[in-house]
There are 2 protein chains.
Amino acid sequence: MSLSDFSGRTVLVVDDEPMVREVVTTYLTRDGLDVTEASDGASALRAFEESQPDLIVLDVMLPKIDGYSLLSEFRSRSNVPVIMLTARGEETDRVLGLELGADDYLVKPFSPRELAARVRTVLKRSDGAGLHPGFVVEVGDLRIDPGSREVEVGGRAVELTPKEFDLLAFLATHPRQVFARSQLLEQVWDSNTAWQDPSTVTVHIRRLRQKIESNPDNPKVIITVWGVGYRFET
Amino acid sequence: MSLSDFSGRTVLVVDDEPMVREVVTTYLTRDGLDVTEASDGASALRAFEESQPDLIVLDVMLPKIDGYSLLSEFRSRSNVPVIMLTARGEETDRVLGLELGADDYLVKPFSPRELAARVRTVLKRSDGAGLHPGFVVEVGDLRIDPGSREVEVGGRAVELTPKEFDLLAFLATHPRQVFARSQLLEQVWDSNTAWQDPSTVTVHIRRLRQKIESNPDNPKVIITVWGVGYRFET
DNA sequence: CGGTCTCTGAACGTTCCATTAACACTGACG
DNA sequence: CGTCAGTGTTAATGGAACGTTCAGAGACCG
């Protein structure tokens with residue numbers, strides 16, 4: 001699968017205007033995306049549960065439940081990327097959106113071509129991307145808050161360096177999946193890390209363990225998979 | 001504490017039907033909110049004084065005192081956000097409510113989930129909203145009065161320049177959230193600040209710290225998050 | 001058992017970033 | 001016109017984080 005091939009990915013489009021939904025759907029489908037539509041908050045939540053979308057396009061102004069509430073609803077359940085749509089002149093509380101973990105904003109009327117482009121961008125980014133603010137990860141006695149970039153283990157705050165935080169966040173959002181050191185370099189470090197020394201990862205894993213494992217000599221959270229790499233265990 | 005964590009916040013629910021109160025209380029408690037109940041105007045006012053709620057859910061149709069009178073009672077005392085409940089068919093004078101300063105409306109019968117969502121939204125909005133004159137922010141030993149644009153730290157008045165005040169006010173109204181320098185530029189400075197030097201923020205943070213931190217070399221209020229930005233700590 | 005991989009602990013230079021002080025620009029005001 | 005507070009920029013400094021390396025110990029596997 002090439003990077004620009006999004007076949008099999010699903011996008012949920014939430015807007016109360018059928019026209020908007022239709023146009024958006026047309027353009028996204030053309031990119032090989034599956035599209036699910038919803039016209040209000042309730043059906044959006046239902047569709048979210050059912051279709052497990054890889055991305056959500058969300059109108060801020062919706063009947064009954066507004067987009068921001070919906071966004072935090074989504075955020076309380078997943079880390080899925082979200083692109084918000086706002087009408088011109090609408091008071092776009094960008095900060096609120098960013099705090100809640102919106103990935104991008106588009107002001108209506110927007111060009112569908114541009115929306116499609118943003119969708120592609122966000123999807124690409126979301127592969128390796130870290131956590132959205134508002135989506136607090138809690139596994140075991142670990143608690144990762146991307147908003148404040150704080151980590152607690154067993155209620156006790158732990159100081160992590162940026163790389164350590166990013167590394168942990170990545171692993172925690174892909175639990176039980178094994179990653180080679182080179183993969184982690186690719187995902188957590190800047191792009192083009194092919195030339196880098198994979199043992200860099202080893203060292204960072206080590207320092208991480210010393211901070212978050214109750215017994216670093218016998219790691220329970222970040223497991224070594226022999227000959228392969230590491231795995232985050234819940 | 002994440003943004004979607006409202007623990008410690010108190011909501012006052014005013015309705016004469018015990019059933020309604022119970023259902024609402026159940027849902028709000030689930031969100032980590034403390035809930036106080038009142039069944040009529042008099043007890044509502046008492047509860048308001050005692051529990052100092054962060055938000056009020058107010059039925060319009062109450063025995064003895066109606067909701068609108070109660071709303072203006074509240075308004076004369078505080079800036080607390082209010083969500084009004086109106087029965088279907090009741091002549092819902094939206095305009096009247098909005099003039100008196102209601103933040104949102106819900107028509108009975110309403111879905112408790114939706115009410116909970118609106119409560120979250122309004123609470124978040126009141127977090128992020130610019131400061132209303134007359135509404136004083138107090139966190140820790142900091143006291144920020146937007147009306148007079150005065151700041152006190154530990155009872156001692158502190159002179160801040162306009163930018164310093166705006167910067168502090170923004171951070172204080174978004175506690176624990178990390179903001180990049182560029183984000184702060186965007187929010188506190190005029191729009192279209194992309195070309196500006198982010199180190200401008202650094203300098204202002206520094207000057208702020210010297211004025212409000214008891215020990216500027218070891219800041220406790222405005223925390224540096226390395227490689228990311230700054231965070232306001234309560 | 002022997003070979004391979006990983007962990008440990010430390011050290012090192014490097015790079016990046018926040019801090020700091022100093023300076024230049026601006027508009028307000030007397 | 002001169003002063004001054006507020007502001008933004010710049011350059012120097014210091015420190016935190018990073019990547020790398022190494023040697024010895026330990027773990028795993030065939």
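Note that the coordinates shown come from a computational prediction; the quantities given were computed from them, not determined experimentally. (Residues numbered from 1 in each chain as written. Chains lettered and ligands numbered in written order. Predicted model: local features only at pLDDT ≥ 70, side-chain atom pairs only at ≥ 80, totals over all residues. Heavy atoms only, no water.)

1. Some thoughts on the interface of chain B and chain A
Quite often, the size of an interface is put as the accessible area lost when its parts meet. The interface is formed by 27 residues belonging to chain B together with 24 residues belonging to chain A. Where chain B abuts chain A, roughly 2000 Å² becomes buried across the two surfaces, and 49% of that area is made up of carbon and sulfur atoms. In this assembly, chain B and chain A are joined by three salt bridges. Linking E150 of chain A and R176 of chain B is a salt bridge whose minimum nitrogen-to-oxygen distance equals 2.4 Å. Scanning the region where chain B abuts chain A turns up five residue pairs in polar contact (both at pLDDT 80 or more). (Contact = heavy atoms within 4.5 Å. Buried area = accessible area lost by both parts, 1.4 Å probe. Salt bridge = Lys/Arg side-chain N within 4 Å of Asp/Glu carboxyl O. Polar contact = N/O pair within 3.5 Å; in protein donor to acceptor, adjacent residues only side chain to side chain.)

2. Quick look at the pattern of salt bridges
Residues and elements named next belong to chain A. All chains considered together, the criterion is met by 21 salt bridges over all chains. Between R118 and D104 there is a salt bridge, with its nearest N and O atoms 2.9 Å apart. Placement of the pair is R118 in helix α5 (residues 112-128) and D104 in strand β5 (residues 104-108), with a sequence separation of 14 residues. Accessibility expressed as a relative area gives 17% for D104, which makes it buried. Among the ionic pairs, K211 bridges to E164, the shortest N-O distance being 2.9 Å. Taken as a pair, K211 in helix α8 (residues 199-212) and E164 in helix α6 (residues 162-173) lie far apart in primary sequence, 47 residues in all. (Helix = DSSP H or I, 4+ residues; strand = E, 2+ residues; numbered from the N terminus. Buried < 20%, exposed > 50% of the residue type's maximum accessible area, 1.4 Å probe, protein only.)

3. Topic: the side chain of R75 of chain A
Here R75 of chain A shows up in helix α3 (residues 67-75). At 2.8 Å, the side chain of R75 of chain A and the backbone oxygen of G101 of chain A are in polar contact.

4. Thoughts on the protein's contact with DNA strand C
Close to DNA strand C lie 21 residues, the nearest being T224 and Y230 of chain A together with R209, T224 and Y230 of chain B. In the interface set of DNA strand C, defined as its atoms within 4 Å of the protein, sugar plus phosphate atoms amount to 80%. Within the side chain of R181 of chain B, one N or O atom sits 2.8 Å away from a sugar or linking oxygen of DNA strand C. One of the side-chain nitrogen or oxygen atoms of Y230 of chain B is found 2.5 Å away from a phosphate oxygen of DNA strand C. (Near = heavy atom within 4 Å.)

5. As for the protein's contact with DNA strand D
Taken together, 26 residues form the shell around DNA strand D, and within it T161, W189 and T200 of chain A together with T161 and T200 of chain B come nearest. One nitrogen or oxygen atom from the side chain of R207 of chain A is found 3.5 Å from a base nitrogen belonging to DNA strand D. Those elements that place two or more of their residues in the surface near DNA strand D are α6 and α8 of chain A together with α6 (162-173) and α8 (199-212) of chain B. Here the residues of the surface near DNA strand D are counted per class, giving ten nonpolar, ten polar and six charged. (Nonpolar A, V, L, I, M, F, W, Y, C, P; charged D, E, K, R; others polar.)

6. A few points about the side chain of R209 of chain A
Summarising the element assignment, R209 of chain A is placed in helix α8. Within the buried set, R209 of chain A has no salt-bridge partner at all; the shortest N-O distance to an opposite charge, 4.8 Å, is to E213 of chain A. (Lys, Arg positive; Asp, Glu negative; His and termini not counted.)

7. Quick look at the packing of aromatic side chains
Using the criterion set out here, one finds four aromatic pairs over all chains in the structure. When the ring centre of Y27 of chain A is taken as reference, the NZ or CZ atom of R30 of chain A above it lies at 4.6 Å. (Phe/Tyr/Trp six-rings, centres within 6.5 Å; stacked < 30°, edge-to-face > 60°. Lys NZ or Arg CZ within 6 Å of the ring centre and 35° of its normal.)

8. A short note on the nonpolar core
Within the largest apolar cluster, 29 residues are counted, with the highest numbers of intra-cluster contacts made by L142, I144, L167, L168, L171, L184 and I222 of chain A. The element that contributes the greatest number of residues to this core is α6 of chain A, accounting for seven residues. Judged by nonpolar contacts, the second largest core, of 28 residues, contains I144, L160, L184 and V188 of chain B. (Core = buried A, V, L, I, M, F, W, Y, C linked by side-chain atoms within 4.5 Å.)

9. Section: the sheet that holds strand β7 (residues 142-145) of chain A
Residues and elements named next belong to chain A. The antiparallel open sheet is built from four strands, whose spatial order is β6-β7-β8-β9. Both edges of this open sheet fall to β6 (137-139) and β9 (156-158), since each of them pairs with a single strand only. Here the average twist between neighbouring strands, direction ignored, is 20 degrees. The sheet contact formed by β6 and β7 spans three bridges and is antiparallel. Bridge assignment links V139 to a residue of β7, and that residue is L142. Seen against the sheet, α6 touches β6, β7 and β8 (150-153) and runs at an angle of roughly 115 degrees to β7. (Pairing = 2+ DSSP bridges. Axes fitted to C-alpha atoms, helices over the stretch in contact; angles between N-to-C directions.)

10. A few points about the pairing of strand β12 (residues 229-232) of chain B
Residues and elements named next belong to chain B. As paired elements, strand β10 (residues 178-180) and β12 share three bridges and run antiparallel to each other. Note that in β12 the partner of F179 across the bridge is Y230. Across four bridges, the pairing between strand β11 (residues 222-225) and β12 is antiparallel. Within β12, the position partnered with V225 by the bridge is G229. Between the antiparallel neighbours β11 and β12 lie three residues, among them G227 with a positive phi of about 80 degrees.

11. Let's talk about the packing of α6 of chain B against α8 of chain B
All names here are of chain B. Following both chains from N to C, one finds α6 and α8 inclined at 85 degrees, their axes separated by 10 Å at the closest point. Overall, the two elements α6 and α8 adopt an arrangement that is roughly perpendicular. Of α8, the residues touching α6 (which contributes K163, E164, L167, L168 and L171) are H204, I205, R207, L208, K211 and I212. Residue composition of the contact of α6 with α8, grouped by class: six nonpolar, one polar and four charged. (Parallel < 35°, antiparallel > 145°, perpendicular 65-115°, else oblique.)

12. Thoughts on helix α7 (residues 181-188) of chain A
Residue pairs three or four apart in sequence face the same way in an α-helix, which turns once every 3.6 residues. Residues and elements named next belong to chain A. Along α7, the residues that are buried comprise L184, L185 and V188. Looking straight down α7, one finds its buried side chains confined to an arc of 105 degrees; they lie on one side. In this structure, the buried residues of α7 make contact with α6, β10 (178-180), α8 and β12 (229-232). (Arc of directions from axis to C-beta.)

13. Examining the domain arrangement of chain A
By domain assignment, chain A separates into domain 1 (3-126) and domain 2 (137-232). The distance between the C-alpha centroids of domain 1 of chain A and domain 2 of chain A comes to 30 Å. (Domains from an automatic or database assignment.)

14. Notes on unusual backbone geometry
Unusually for a residue other than glycine, R176 of chain A sits at a positive phi of about 70 degrees. With respect to the secondary-structure elements, R176 of chain A resides in the loop between α6 and β10. A relative accessible area of 51% means that R176 of chain A is categorised as exposed. With a phi angle near 45 degrees, Q52 of chain B is a residue other than glycine that sits in the positive phi range.

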